[in-house]
Amino acid sequence: MGEFVSKLFRSKKFQMFLVVLCIVLMPALGIIFINIQNISSHLEDASARQLNSYKLADELRQSSDDLTRLVRSYVATAGKNPGFEEQYNAILDIRNGKSPRPEEYNRIYWDFVAGGIKKPRPDSNIKIALKDLMKQEGFAEAEFKKIEETEARSNVLVNLEVKAFEMIKNLNKAEPEKRDEILKTALDLVNGKDYHDQKAYIMKPLDEFFVLVSDRTRNEVKNLQESLSMQQNIFKILLGITIFCSIVLSFVNNKVIQGILGAKPAQIENVISEIS
């Protein structure tokens, strides 16, 4: 067995095979490394899209909740604070692309405005409807249909809220004995069972949208992670083979040199040193 290994190591074909294998493996490692970098970049982009999709969908949900809070506050105070209506209209204008979007609009904003901070953050240069932002994000057709359905239902609720605003704004014009009844009707309009039913009706397609986006983006990220893991394993295997071939090739070269000189290079060097 030892003699076979010795002959194998001295074989020029075997040595050439090792050299060629190392030469082939080096660019292969480079290609795999580039693939790993590309997949990692795609994975980062997919994760960013996943997060941004949730942010945009949550903005639609949050804007609906803010509109509800503001119209209820306006009605409950009998219109004594016109700022509630101003904020209400400002939210709709931003959502519909009529006014610039504040910077980092996904963060807390209108709660600060309600607390007396007129401009929590400056406006950006972007004036675009939320629906158009979602189109740019590249939602799947089924997902975007859910968003359109949510928006359409939300607009129906807005009509109810606008009706409540008008009732309160005309409250002082009504006969004094009818004002309490009008106020009660307005309060019921934005707090009653019908309103809550309509609110739940709005949120149903939005919740279904979250499920669709979650499934799509989770699968996208999962596939990229699996591809990345496979490429990393291939890289490790090829790197291991390359290192092994390099070690064997180095060992073979030492054996060849030793066979030519009749001794190990270190021993020859010691002899030369002693002669000198």
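Right above here is the structure, for reference.
Here goes a summary of the coordinates provided.

Procedures and definitions
Once a new chain begins, its residue numbering starts again from 1 and follows that chain's sequence as written. For a predicted model such as this one, the threshold for reporting local features is a pLDDT of at least 70, and the threshold for listing and counting side-chain atom pairs is 80 or more; totals across whole chains, interfaces and linings nevertheless cover every residue. Derived side-chain values reflect all non-hydrogen atoms in the structure, with water molecules and hydrogen atoms excluded from consideration. To qualify as a helix, a DSSP run of H or I must reach at least 4 residues; to qualify as a strand, a run of E must reach at least 2; elements of each kind are numbered from the N terminus. Pairing of aromatic side chains requires ring centres within 6.5 Å, counting the rings of Phe and Tyr and the six-membered ring of Trp. Pairs whose planes differ by under 30 degrees are stacked, by over 60 edge-to-face, and all others tilted. Between buried and exposed lies partly exposed: a residue is buried under 20% and exposed over 50% of the maximum accessible area for its type, with that area taken using a 1.4 Å probe on protein chains only. The rule for a charge over a ring is simple: NZ of Lys or CZ of Arg within 6 Å of the ring centre, and within 35 degrees of the ring normal.

## Here we look at unusual backbone geometry
Consideration 1: A positive phi is found at Ala78, a non-glycine position, where the angle reads about 55°.
Consideration 2: Structurally, Ala78 is set in the loop between α2 (12–76) and α3 (83–95).
Consideration 3: Positive phi outside glycine occurs at Glu104, with the angle close to 50°.
Consideration 4: Relative to the helices and strands, Glu104 is located in the loop between α3 and α4 (110–114).

## Observations regarding the packing of aromatic side chains
Consideration 1: If you walk through the whole model with that rule in mind, you get eight aromatic pairs.
Consideration 2: Ring geometry for Tyr88 against Phe165: centres 4.8 Å apart, planes inclined by 70°, an arrangement best described as edge-to-face. Pair noted here: Tyr88 is in helix α3 and Phe165 is in helix α6 (residues 141–169), with a separation of 77 residues, a long-range link. By the burial criterion, Tyr88 is buried, and Phe165 matches it.
Consideration 3: Ring geometry for Tyr109 versus Trp110: centroids 5.0 Å apart, planes at 75°, classification edge-to-face.
Consideration 4: According to the relative accessible area criterion, Tyr109 is buried, its value standing at 5%.
Consideration 5: For Trp110, a relative accessible area of 8% corresponds to the buried category.
Consideration 6: Here the aromatic residues Tyr54, Phe139, Phe209 and Phe210 are joined through ring pairs into a cluster of three or more.
Consideration 7: Between Arg153 and the ring centre of Tyr201, over which it is positioned, the NZ or CZ distance is 3.5 Å.

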